[in-house]
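Tertiary structure, described
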Amino acid sequence: MNNKSAIALHYDGQQTPTVTAKGYNQLAEHIIEQVKQQGGLIHHDEALVNYLNNLEVGDEIPENLYRIIAELIAFSWLLNGKTPPGWEGLSSIDEQV
């Protein structure tokens, strides 16, 4: 039997992302639907969810996951047309040699 898992993370832009919800099967479906309704990113990664399943609601993500979670948050922001505070993007690149 294959149980569906879902883990929701929250990032306020300042503090370490935290686990805000987690569940299996029907509750997992409910969590996923809520995230979709809120315009959040749904990321499918069995290894990551297996690791995050060791955390409890309210726990901060561990330091060894900062980079992957930061990349997912950045990608989510990009998809939603957002940029981090203070980010101006790249200046134009001089193509003349």
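Calculation notes
Residues numbered from 1 in each chain as written. Predicted model: local features only at pLDDT ≥ 70, side-chain atom pairs only at ≥ 80, totals over all residues. Heavy atoms only, no water. Helix = DSSP H or I, 4+ residues; strand = E, 2+ residues; numbered from the N terminus. Expected span 1.5 Å × (residues − 1). Contact = heavy atoms within 4.5 Å. Buried < 20%, exposed > 50% of the residue type's maximum accessible area, 1.4 Å probe, protein only. Lys, Arg positive; Asp, Glu negative; His and termini not counted. Salt bridge = Lys/Arg side-chain N within 4 Å of Asp/Glu carboxyl O. Polar contact = N/O pair within 3.5 Å; in protein donor to acceptor, adjacent residues only side chain to side chain.

1. Some remarks on helix 1 (residues 26-37)
The terminal C-alpha atoms of helix 1 lie 17 Å apart, and with 12 residues this matches the ideal 16 Å at 1.5 Å per residue to within 8%. Where helix 1 is buried, its residues meet strand 1 (5-10) and strand 2 (18-24). Downstream of helix 1 by one or two residues, Gly-39 has phi in the positive range, about 80 degrees.

2. A closer look at the side chain of Lys-22
The topology assignment puts Lys-22 in strand 2. Among buried Asp, Glu, Lys and Arg side chains, Lys-22 stands out as unpaired, with Glu-56 the closest opposite charge at 4.3 Å. Of the polar contacts made by the side chain of Lys-22, one reaches the backbone oxygen of Asn-53; its length is 2.6 Å. A distance of 2.6 Å separates the side chain of Lys-22 from the backbone oxygen of Leu-55, its partner in a polar contact. With residues near it in sequence (within four places) discarded, Lys-22 still touches Ala-6, Ile-7, Leu-27, Ile-31, Leu-52, Asn-53, Leu-55, Glu-56 and Val-57.

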